[in-house]
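Each chain, written out:
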Amino acid sequence: MRETASALIDLAGRLENPGESLASAGSIDVRGYRVGEKELELPAGVSYDVVLTNAGDGILLTGMVRARAAGACDRCLDPATVEIAGEIEEYYLFRAPEDAPEGDDDFELLPEDRVIDLADPIMDAVVMDTPFVVLCRPDCAGLCPTCGTNRNHGDCGCADAAERARIDSDENPFAALRNLKLDD
């Protein structure tokens, strides 16, 4: 569901000396993304506020991303929204380390044209800040496991019936005491 968006920053002629910084803010128009089996929409896209700094051997990208994600509640399937406020950090080396093993891709290189696309680091920060469980509200009661009724909208009575059945069952550890007569 993740659509391709871009947020290009052209560093040609900029950040040539260590310590120089460049601030950038904006938004990318991404309509949604997927985390595991969960699909979330981003109706207003993702906004970002970053600083790029020449750190001597590369460009350090730091900042924040913000978004409002919408999807289905993991307990009751009603619509749910979650506020995303994640940190972004990426490092772009000017050249590959000399001691890097062949095929090592644990680092990003600054492209020859010095144009950086912030979209991937921004979306990585959004995914990392997405909660594992998305709820419509913190006290969501979820769906009844017996009949499927949304327990946020009312009680279906299944829990009471299940409890009565459990008490009356021979599986109940106190079933042997059911017919016990206590005489005074």
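Residues numbered from 1 in each chain as written. Predicted model: local features only at pLDDT ≥ 70, side-chain atom pairs only at ≥ 80, totals over all residues. Heavy atoms only, no water.

1. Description of the pattern of salt bridges
Thought 1: Per the stated rule, a full pass over the model turns up 7 salt bridges.
Thought 2: Between Lys 38 and Asp 74 there is a salt bridge, and its shortest N-O distance comes to 3.0 Å. Of this pair, Lys 38 sits in strand E4 (residues 38-41) while Asp 74 sits in the loop between strand E6 (58-72) and strand E7 (79-93), and the two are 36 residues apart along the sequence.
Thought 3: Looking at Asp 74, the relative accessible area reads 38%, which means it is partly exposed.
Thought 4: One salt bridge in this structure joins Arg 68 and Glu 83, with 2.4 Å as the shortest N-O distance. Within this pair, whereas Arg 68 is found in strand E6, its partner Glu 83 is found in strand E7, the two being separated by 15 residues in sequence.
Thought 5: Salt bridges here are not isolated pairs; linked through shared partners, they connect Arg 34, Glu 37 and Glu 39. (Salt bridge = Lys/Arg side-chain N within 4 Å of Asp/Glu carboxyl O. Helix = DSSP H or I, 4+ residues; strand = E, 2+ residues; numbered from the N terminus. Buried < 20%, exposed > 50% of the residue type's maximum accessible area, 1.4 Å probe, protein only.)

2. Let's talk about the pairing of strand E3 (residues 32-35)
Thought 1: Pairing geometry for E3 and E4, over 4 bridges, is antiparallel. Looking across to E4, one finds that Gly 32 is bridged to Glu 41. (Pairing = 2+ DSSP bridges.)

3. Quick look at the nonpolar core
Thought 1: If you look at the biggest cluster of nonpolar residues, it comprises 32 residues, and the most contacted ones within it are Leu 11, Ile 28, Val 46, Leu 52 and Leu 118.
Thought 2: When residues no more than four places from it in sequence are discounted, the contact partners of Val 46 are Gly 26, Ser 27, Ile 28, Val 65, Arg 66, Ala 67, Ile 122, Met 123 and Val 126.
Thought 3: One finds Cys 73, Cys 76, Ala 80 and Val 134 within the second-largest nonpolar core, a separate group that totals 5 residues. (Core = buried A, V, L, I, M, F, W, Y, C linked by side-chain atoms within 4.5 Å. Contact = heavy atoms within 4.5 Å.)

4. Focus: unusual backbone geometry
Thought 1: You will see that Leu 15, though not glycine, has its phi angle at about 55°, which is positive.
Thought 2: Along the chain, the position of Leu 15 falls in the loop between strand E1 (8-10) and strand E2 (21-28).
Thought 3: At Leu 77, a residue that is not glycine, the phi angle is positive and equals roughly 70°.
Thought 4: Of note, Leu 77 is situated in the loop between E6 and E7.
Thought 5: Residue Leu 77 is classed as exposed on the basis of its relative accessible area, which comes to 58%.

5. Overview of the pairing of E4
Put simply, side chains in a regular strand alternate between the two faces of the sheet.
Thought 1: Side-chain alternation along E4 places Lys 38 and Leu 40 on a buried face and Glu 39 and Glu 41 on a face that remains uncovered.
Thought 2: Remark: 2 residues form the turn of the hairpin made by E3 and E4, two consecutive strands paired antiparallel; Gly 36 in that turn has positive phi of roughly 60°.

6. Considerations on the side chain of Thr 130
Thought 1: With respect to the secondary-structure elements, Thr 130 resides in the loop between helix H1 (119-129) and helix H2 (158-168).
Thought 2: Side-chain polar atoms of Thr 130 contact the side chain of Tyr 33, separated by 2.6 Å.
Thought 3: Look past the residues within four positions of Thr 130 in its chain and what remains in contact with it is Tyr 33, Val 35, Leu 40 and Ile 84. (Polar contact = N/O pair within 3.5 Å; in protein donor to acceptor, adjacent residues only side chain to side chain.)

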